[in-house]
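What follows is the residue order along each chain.
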Amino acid sequence: MKFLLTFFLLFIFSVSISGQTTRGKVTNQKHQGISDVNIFMAGSYDGSSSDSTGQFQFSATTTGKQRLVLSCVGYTKQELEIEIRDRLYFDFVMVSKSNSFEAVTVRADQISVSNQS
């Protein structure tokens, strides 16, 4: 009986420490999922990356107002204030970042191939 009580208390304690599971989806302006987006809470180790459909999931060890950061190559970085206890599912739309160049130089050198043995 003492073993069961100890096991039960440890189980309850581990569930309360694990934190809130934060889930969501990251899409582009055409509502297509974006893969490999870094999603994390600023100032903590809580975070994840989105999968091939834009879905993400991670456990947040802190609650209350947090600053969530989304970053991905080719998109504008976003930093958002969120409330962890209010919502556990978030939808984000990322805006494409246009890269413009002053000039592009393409250079090719001559390559000769010989079949002499």
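Note that the structure is predicted; figures quoted are calculated from it, not measured.

Draft legend 1. Main features of the sheet that holds strand β7 (residues 89–93). Overall, mixed pairing links the three strands, which are arranged β4-β1-β7 in an open sheet. Each edge of the open sheet carries a strand with a single partner, namely β4 (55–60) and β7. Strand-to-strand, the axes of this sheet are offset by a mean angle of 25 degrees, without reference to chain direction. Strand direction decides the pairing type here: strand β1 (residues 20–27) and β4, joined by six bridges, are antiparallel. Paired with Gln20 across the strands is Ala60, a residue of β4.

Draft legend 2. The arrangement of the pattern of salt bridges in detail. Applying the stated criterion across every chain, the model contains two salt bridges. Ionic pairing is found between Glu79 and Arg67, a salt bridge with its closest N-O pair at 2.6 Å. Here Glu79, found in strand β6 (residues 78–83), pairs with Arg67, found in strand β5 (residues 65–71); they are twelve residues apart in sequence, far enough to count as distant. The exposure class assigned to Glu79 is partly exposed, which follows from its relative accessible area of 43%. Residue Arg67 is classed as partly exposed on the basis of its relative accessible area of 39%. As a salt-bridge pair, Glu79 and Lys77 come within 4.0 Å of each other at their nearest N and O atoms. When its relative accessible area of 53% is taken as the criterion, Lys77 is described as exposed.

Draft legend 3. Representation of unusual backbone geometry in the model. A positive phi angle is found at His31, which is not glycine, with a value near 65 degrees. Residue placement: His31 occurs in the loop between β1 and β2 (38–41). Relative accessible area serves as the criterion here: at 63%, His31 is assigned to the exposed category. Phi is positive for Asp36, close to 60 degrees, though the residue is something other than glycine. Assessed through its relative accessible area of 55%, Asp36 is described here as exposed.

Conventions adopted
Residues numbered from 1 in each chain as written. Predicted model: local features only at pLDDT ≥ 70, side-chain atom pairs only at ≥ 80, totals over all residues. Heavy atoms only, no water. Pairing = 2+ DSSP bridges. Helix = DSSP H or I, 4+ residues; strand = E, 2+ residues; numbered from the N terminus. Axes fitted to C-alpha atoms, helices over the stretch in contact; angles between N-to-C directions. Salt bridge = Lys/Arg side-chain N within 4 Å of Asp/Glu carboxyl O. Buried < 20%, exposed > 50% of the residue type's maximum accessible area, 1.4 Å probe, protein only.

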